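Now for the letters of each chain:
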Amino acid sequence: MEHQIIIETEVDGVEDFAGALRQVIPAALEAEGVGLPCEVDVLFTDDEGIRQINLEQRDVDRSTDVLSFPMFDFVPGAPPAAGDESLLDPGSGLLPLGDMVLSADHIRAQAEEFGHSQRREVCYLAVHSVLHLLGYDHLDEGPMKAQMRAREEAILGALGIAR
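Residues numbered from 1 in each chain as written. Predicted model: local features only at pLDDT ≥ 70, side-chain atom pairs only at ≥ 80, totals over all residues. Heavy atoms only, no water.

1. Section: the sheet that holds strand S1 (residues 4-9)
The strands making up a sheet associate through backbone hydrogen bonding, with each pair oriented either parallel or antiparallel. Using the following cut-off: What makes two strands pair is DSSP finding at least two bridges between them. Helix and strand assignments follow DSSP, with helices taken as H or I runs no shorter than four residues and strands as E runs no shorter than two, numbered in order from the N terminus. The axes are straight lines fitted to the C-alpha atoms, using for helices just the contacting stretch, and the angles between their N-to-C directions are given from 0 to 180°.
Pairing is mixed in the open sheet, where 4 strands are placed in the order S1-S2-S4-S3. The strands lining the two open edges of the sheet, one partner per strand, are S1 and strand S3 (66-70). Ignoring which end each strand starts from, the neighbouring axes of this sheet average 15° apart. For strand S2 (residues 38-45) and strand S4 (residues 95-103), the ladder comprises 8 bridges, and the chain directions are parallel.

2. Some details on the pattern of salt bridges
The condition is simple: Salt bridge, as used here: a side-chain nitrogen of Lys or Arg that lies within 4 Å of a carboxyl oxygen of Asp or Glu. Note on exposure labels: buried denotes an accessible area under 20% of the residue type's maximum, exposed denotes more than 50%, and partly exposed covers the range between, all computed with a 1.4 Å probe on protein chains only.
Considering all chains together, one arrives at 5 salt bridges under this definition. Residues Glu48 and Arg51 are paired through a salt bridge, measuring 2.7 Å at the closest nitrogen-oxygen approach. Highlighted residues: Glu48 and Arg51, both in helix H2 (residues 47-58), separated by 3 residues, approximately one helical turn. With a relative accessible area of 44%, Glu48 lands in the partly exposed category. Across the salt bridge formed by Glu153 and Arg120, the nearest N and O atoms sit 3.9 Å from each other.

3. Here we look at the packing of aromatic side chains
The condition is simple: Planes of paired rings set the category: under 30 degrees apart is stacked, over 60 is edge-to-face and the rest tilted, where pairs are Phe, Tyr or Trp rings (Trp by its six-membered ring) whose centres lie within 6.5 Å.
Here the structure, examined in full by the defined rule, presents 2 aromatic pairs. Measuring from centroid to centroid gives 5.5 Å for Phe72 and Phe74, while their planes differ by 35°, and the two rings are tilted. Judged by relative accessible area, which is 24%, Phe72 ranks as partly exposed. Here Phe74 falls in the buried class, since its relative accessible area comes to 15%.

4. Section: H2
Put simply, the rule reads: Multiplying 1.5 Å by the residue count of a helix minus one yields the expected span of that helix.
For H2, with 12 residues, the first-to-last C-alpha span of 15 Å sits near the 16 Å given by 1.5 Å per residue. Just downstream of H2 lies Asp59, where phi reads positive at about 60°.

5. Some points on the packing of helix H3 (residues 104-114) against helix H4 (residues 118-133)
Using the following cut-off: Each angle receives one of four descriptions, namely roughly parallel if under 35 degrees, roughly antiparallel if over 145, roughly perpendicular if within 65 to 115, and oblique otherwise. Should the near helix be turned anticlockwise from the far one by less than a right angle, the crossing is termed left-handed; should it be turned clockwise, right-handed. The contact rule is simple, with two residues in contact once any of their heavy atoms fall within 4.5 Å. Amino acid classes used here: Ala, Val, Leu, Ile, Met, Phe, Trp, Tyr, Cys and Pro are nonpolar; Asp, Glu, Lys and Arg are charged; the rest, including Gly, are polar.
It is at 8 Å that the axes of H3 and H4 come closest, and there the two elements cross at 110°. Between H3 and H4, the interaxial angle falls into the category roughly perpendicular. Where H3 crosses over H4, the two elements pack in a sense that is right-handed. Two secondary-structure elements touch here, H3 through Ile107, Arg108, Gln110, Ala111 and Phe114 and H4 through Gln118, Glu121, Val122 and Leu125. Residues of the contact of H3 with H4, tallied by class, amount to 5 nonpolar, 2 polar and 2 charged.

6. Quick look at the environment of Leu43
Looking at the secondary structure, you find Leu43 in strand S2. Take Leu43: its relative accessible area is 17%, and that puts it in the buried class. Once the C-alpha coordinates of Leu43 and Glu153 are considered, the two residues, 110 residues apart in sequence, prove to be 23 Å apart. Those residues within four positions of Leu43 in sequence are excluded, and the remaining contacts are Glu8, Thr9, Glu10, Ile53, Met100, Val101 and Leu102.

What follows is the structure, encoded as structure tokens:
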């Protein structure tokens, strides 16, 4: 299945991440059983850029590592499937799954903090965001967060992207 990953950047130094995103985003969609071709829009920005988006869209005045803006309210573990063609954009034939915004500043800092590569960090954040676009959430420290973490590790593990 051919997904379209559109990547825009407001910052330098993230060009190497494009290939990783084009690998990991479709892999996450496949692992979750998405049965329709999707479009995912990705924006790389810095801490100030993501802080501004967070403030405008969520009324939260702070930077963060990743923001996810789903186009639909899916149920975790019940992804869009073949037969849900009414969800497809008639012009592109793709499911506009949503947008993700990544802070290059947070990617660099968290990779250093956790002792792994920036590529691993961007892959983790992309999988995390895809799961949000598919309805997963982690508003509490309970079962929803545990379910999301388990899916993240399973997807990254299948790709050979370990901590």
